[in-house]
Amino acid sequence: MEVIVRNLRIAFPSPQGPVEAVRGVSFTLGEEKLGIVGESGSGKTLTGRALLRLLPRQAKLEADRLEFDGIDLLEADERTLRRIRGKRAGLIFQDPKFSLNPVMTAGAQIAEAWRAHRGGTGRAAHGAAIDLLAQVQIRDPKRVAGAYPHELSGGMGQRVMIAMMLAPDPELLIADEPTSALDATVQAEILRLIEALVSRRGMALILISHDLPLVSHFCDRVLVMYGGRVVEECNAASLARAKHPYTRGLLDCLPSLARPKRQLAVLKRDPSWLDP
Amino acid sequence: MMSTLAAWLLSDAPESRRQASLGRFFRGWLQLRRNHLAIAGLVAALALILVSLAAPLLATHDPAAQDLTQRYAAPSAEHWLGTDEVGRDLYSRLLYGGRITLGMVVAIMVMVAPLGLAVGTVAGYAGGFADRTLMRLTDIFLAFPRLILALAFVAALKPGITSAIIAIALTAWPPYARLARAETLTVRNSDFIAAVRLSGASAARIVLRHIAPLCVSSLIVRVTLDMSGIILTAAGLGFLGMGAQPPMPEWGTMIATTRGEILDAWWVPIAPGIAIFVASLAFNLLGDGLRDVLDPKQG
Amino acid sequence: MIEVSGLRVRFGSIEAVKGISFRVATGASFGLVGESGSGKSTVLRALAGLNREWEGEIGIAGVPQKPMRSKDFFRRVQMVFQDPYGSLHPRQTVDRILSEPLLVHGMGDIDARIRRALAEVALAPAVRFRFPHQLSGGQRQRVAIARALMAGPEVLLLDEPTSALDVSVQAEVLNLLAELERAHGLTYIMVSHNLAVVAHLASEIGVMQEGELVELLSADDLRAGRTRHPHTAALRALSLELEDPEVAKSA
């Protein structure tokens, strides 16, 4: 399973003419964990969604190549895309409060996801849902299966979301800021869980976040995006030796518990970073 | 010159509060302009209002002048829309009737919207006992069907425009109170209201200066959408003989008194009917367009 | 400057804050850390006068406070909220937002004060008559800080002021807060779940867990690892690990 992206461009119409939000992003993804880091407006979320062709209707998508396991996503029709979305590639959003259906129990939603892609009886689906909840390390899966999303904490809600996305046994998982709404402790737990599940199932992972240290901690490779472009691509381990001034700036402006700084370095945005 | 004005209004560095407010208003106008149906509604509504105001200038005859030799005359050069059952010029009556119908609607709105806003915002912000009392009061008035209350009212007083206005106003204000209360509840616990509380502002100031302005948009939308309903209610009352009394040229009354002639002199009841239809439709389209601009709930 | 003793806050049957006590000296900065549900924001809101159902004692500048605060209190104590997108009135220009505290307290010279406030938080004058939706998150938070400073407070309560901001903007806002503290001699109480951010700005730190204040220590002690309560140690270890794995191993 390989994802190939070459020269991805996404533009939105505006009264002043088309605005390019993603301006030529290219990368390849195999069975590995890739982190895409950027601040708001960098285009990282759009890039992730473009892989599943889940962009807003008015967005204009162009690319030289956009392939999922050899399937050309640019030319694919809705049926082909539907067979990829959910079944072969899943997407986790930031806030389970908004991505889970508030009027269905957690178990019902997971079972629905399971049945939609695998078929089977309701009972089998329900059993699978409980099993998946256990896999995402929920201690009381039966109780959680019968609970509604508003009765669950943020961390539990995200685990339910992960279970739902894993139900069809996909090959790729795209996580869009999956832990930004969570505490540090829960954040670490959820990311470790994702890491473990991805390794165990031989899945690929794209982790989109604004948190550079977090991403470097949990991913193999990191892409840094700024102004719709990739400005740096490196191995997570060598992030401290990053070359691009934007990446260095992001690393330097963080407060550190270990090393007190009198004043935090302020990121000086160089307009030349927006040019190729 | 127009483009420099537009540039000034759309500037992203306005230099005064007035420029900023006008700029926001202008942006809203640009957005409304893109909705052709809403503009059609706006133009029609404005035309109706202007024509009604200019009735004395545009009318060809005195609306009360009877001419029994020309009853139910067909449209002609002398009477553009023909005459009614006592020979009065239909066209002139239509124009003056617009004044009465639209005048009633405006009078009702001017009373009803501020009252609803006041009750709703106070109930929503105060909560507790005040909220419950005010809402029960609102529910009581909401429970009355408009026409029935109007009939009862009018039976107690004398039938006429004033009674009709009061009766309709009494039943029209509750939805506004509910709307304002709902908006207030949404906003009450927001951080920016907390920030205003933290500046030491009194509850009255908060409700008046900070919460009420937020409710105004949805109220405006509701007012325009309601106008068509009120026109119809006023016309309905007129039709039942409970509103404007003949010989007043109110559109609904005009239909009532001539409905028997629908098969023979069909233009006589149809003309005011079309007027009511056009007025209702115009305000409806305008209200819809305003809602998209002022109160967009969709992403 | 601030003395809290035996503060309890109850929401219905749940006790969110279970009797905590701490003091903050004038001009000092105090950080309150903990996870969500620890009660830290509740404490701040009770201190601010937003929450009236508390028991215990709260003293500001030696004056014991009652649930209903006086107008003078609101002049001396102000708050900056977490969400820059919700803390500014959507229908008011920056100018109007900033003039509100002045109008409420009857302070004159509004025009000059607003211009000074904008300059102090490094906002361009062009921003003055914009509406909040025309500003970026960082700009909105600066407006919120300017608003808090308008009436000349002595105490600033900060509820996760940078959590919703991009990292580069966070650095700017933290620097601004540090500078303002020095320039005006302000007393800060800052709530956050991010230890690095709190340790940067605060000299004394209180750690909360499930409504209780489990440890009070200085920022230096926290950095050096001189912690006493296991929860503090756990939070510190996690923060260090996420920051830089190599450093965590050596700490």
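None of the values given here were measured: they were computed from a predicted structure. (Residues numbered from 1 in each chain as written. Chains lettered and ligands numbered in written order. Predicted model: local features only at pLDDT ≥ 70, side-chain atom pairs only at ≥ 80, totals over all residues.)

### Some thoughts on the overall build of chain C
So, step 1. Helices and strands together make up the secondary structure of chain C, namely ten helices and ten strands.
So, step 2. Dimensions along the principal axes, computed over C-alpha positions, put chain C at roughly 50 × 45 × 30 Å.
So, step 3. When the 251 residues of chain C are sorted by exposure, 52% land in the buried category.
So, step 4. Considering only contacts within chain C whose residues lie at least 6 apart along the sequence, 65% involve residues at least 24 apart. (Helix = DSSP H or I, 4+ residues; strand = E, 2+ residues; numbered from the N terminus. Buried ≥ 20, exposed ≤ 12 C-beta atoms within 10 Å, placed from the backbone. Contact = placed C-beta atoms within 7 Å.)

### Some words on the overall build of chain A
So, step 1. The helix and strand tally for chain A stands at ten helices and eleven strands.
So, step 2. Relative to a compact globule of 276 residues, whose C-alpha radius of gyration would be 19 Å, chain A shows 19 Å and is just as compact.
So, step 3. Across the 276 residues of chain A, 42% fall into the buried class. (Rg over C-alpha atoms; globule rule 2.2 N^0.38 Å.)

### Looking at the interface of chain C and chain B
When the parts come together, some accessible area is lost, and that loss is often what is quoted as the size of the interface.
So, step 1. Between chain C and chain B, the contact holds 27 residues from the first and 23 residues from the second.
So, step 2. At the level of elements, α2 (71-76), β6 (77-80) and α3 (94-104) of chain C are the ones that each hand at least two residues to the side of chain C that touches chain B.

### So, the pairing of strand β4 (residues 54-60) of chain C
Residue and element names in this part refer to chain C.
So, step 1. Inspection of the sheet shows strand β1 (residues 2-11) paired to β4 by six bridges, in the antiparallel sense. When the sheet's bridge partners are listed, V4 is paired in β4 with I58.
So, step 2. Here β4 runs beside strand β5 (residues 63-64); their pairing, made up of two bridges, is antiparallel. Bridged to I60 within β5 is V63.
So, step 3. Joining the antiparallel neighbours β4 and β5 is a turn of two residues, in which A61 adopts a positive phi near 55 degrees. (Pairing = 2+ DSSP bridges.)

### Side note on the nonpolar core
So, step 1. Core analysis: the largest hydrophobic core is formed by 163 residues, its most contacted members being I110, A163 and L205 of chain A together with L157 and I189 of chain C.
So, step 2. Top element by residues in this core is helix α7 (residues 154-166) of chain A. It accounts for seven residues.
So, step 3. Ignoring any residue separated from it by four or fewer positions in sequence, one finds L205 of chain A in contact with K33, L34, L173, A175, I194 and V198 of chain A.
So, step 4. Core analysis: the next-biggest nonpolar cluster, separate from the first, contains 64 residues, A113, A150, A164 and V268 of chain B among them. (Core = buried A, V, L, I, M, F, W, Y, C linked by C-beta atoms within 7 Å.)

### Brief notes about the sheet that holds strand β2 (residues 14-24) of chain C
So, step 1. Strand order across the open sheet formed by four strands is β2-β1-β4-β5 (chain C), with antiparallel pairing between neighbours. The sheet terminates laterally at β2 and β5 of chain C, the two strands that pair on one side only.

### Here's the deal with the environment of W273 of chain A
All names here are of chain A.
So, step 1. Tracing the backbone through its elements, the reader meets W273 in the segment after α10 (245-252).
So, step 2. Among the residues examined, W273 registers 14 C-beta atoms within 10 Å and is labelled partly exposed.
So, step 3. Once the C-alpha coordinates of W273 and Y226 are considered, the two residues, 47 residues apart in sequence, prove to be 7.7 Å apart.
So, step 4. In this structure W273 touches Y226, G227, V231 and Y246, once residues within four positions along its chain are discounted.

### What about the packing of helix α3 (residues 36-53) of chain B against helix α13 (residues 267-294) of chain B?
Residue and element names in this part refer to chain B.
So, step 1. Here α3 crosses α13 at 135 degrees, and the two axes come no closer than 7 Å. In terms of their interaxial angle, α3 and α13 are classed as oblique. For α3 against α13, the interelement crossing comes out left-handed. Where α3 approaches α13, its residues L37, A38, A40, G41, L42, A44, A45 and L48 are matched on the opposing element by V278, A279, A282, F283, N284, L285, L286, D288 and G289. (Axes fitted to C-alpha atoms, helices over the stretch in contact; angles between N-to-C directions. Parallel < 35°, antiparallel > 145°, perpendicular 65-115°, else oblique. Left-handed = near helix turned anticlockwise from the far one by under 90°.)

### Focus: helix α5 (residues 137-149) of chain C
So, step 1. In a regular helix each residue adds 1.5 Å, so 13 residues correspond to 18 Å; α5 of chain C covers 19 Å between its end C-alpha atoms and thus fits that length.
So, step 2. Judged by how many residues are buried, α5 of chain C sits mostly within the fold: eleven of 13 residues are covered.
So, step 3. When we look at burial in α5 of chain C, the residues that qualify are Q139, R140, Q141, R142, V143, A144, I145, A146, R147, A148 and L149 of chain C.
So, step 4. Residues of α5 of chain C that are buried in the fold lie against α10 (191-198) of chain B together with β6, α3, α4 (110-120), β7 (155-159) and α6 (167-184) of chain C. (Expected span 1.5 Å × (residues − 1).)

### Overview of the arrangement of the chains
So, step 1. Ranking the two pairs of chains in contact by number of contacts places chains A and C first.
So, step 2. A gap remains between chain A and chain B, with no contact made and the closest C-alpha atoms lying 11 Å from each other.

### Digging into the interface of chain C and chain A
So, step 1. Listed as interface residues are 26 residues of chain C and, on the opposing side, 24 residues of chain A.
So, step 2. Those elements giving two or more residues to the side of chain C that touches chain A turn out to be α6, α7 (195-201), α9 (230-243) and α10 (245-250) of chain C.
So, step 3. Its residues assigned to classes, the side of chain C that touches chain A shows 13 nonpolar, six polar and seven charged. (Nonpolar A, V, L, I, M, F, W, Y, C, P; charged D, E, K, R; others polar.)

### Considerations on α9 of chain C
So, step 1. Here α9 of chain C is 14 residues long and its end C-alpha atoms lie 20 Å apart, about the 20 Å a rise of 1.5 Å per residue gives.
So, step 2. Taken as a whole, α9 of chain C has its buried residues at T232, L235, R236, S239, L240, L242 and E243 of chain C.

### A look at the sheet that holds β7 of chain C
Residues and elements named next belong to chain C.
So, step 1. The six strands are arranged β6-β7-β8-β3-β9-β10 in an open sheet whose pairing can be described as mixed. Strands with a single pairing partner mark the edges of an open sheet, and in this sheet they are β6 and β10 (212-218). Here the strands of the sheet are splayed against their neighbours by 20 degrees on average, with no regard to which way each runs.
So, step 2. Of the pairings in the sheet, the one linking β6 to β7 comprises four bridges and is parallel in character. The residue bridging V80 from the neighbouring strand is L158, located in β7.

### Section: the environment of V105 of chain B
Residues and elements named next belong to chain B.
So, step 1. With respect to the helices and strands, V105 occurs in helix α5 (residues 90-126).
So, step 2. Considered as a pair, V105 and G252 are 147 residues apart in the sequence and their alpha carbons are 13 Å apart.
So, step 3. With sequence-adjacent residues up to four places away left out, V105 is seen in contact with M227, I230, I231 and A234.

### Some thoughts on the confidence of the model for chain C
So, step 1. Residues with a pLDDT of 70 or more make up 97% of chain C, whose mean pLDDT is 88.
So, step 2. Our summary of model confidence lists the complex with pTM equal to 0.84 and ipTM equal to 0.86. (pLDDT = per-residue confidence, 0-100.)

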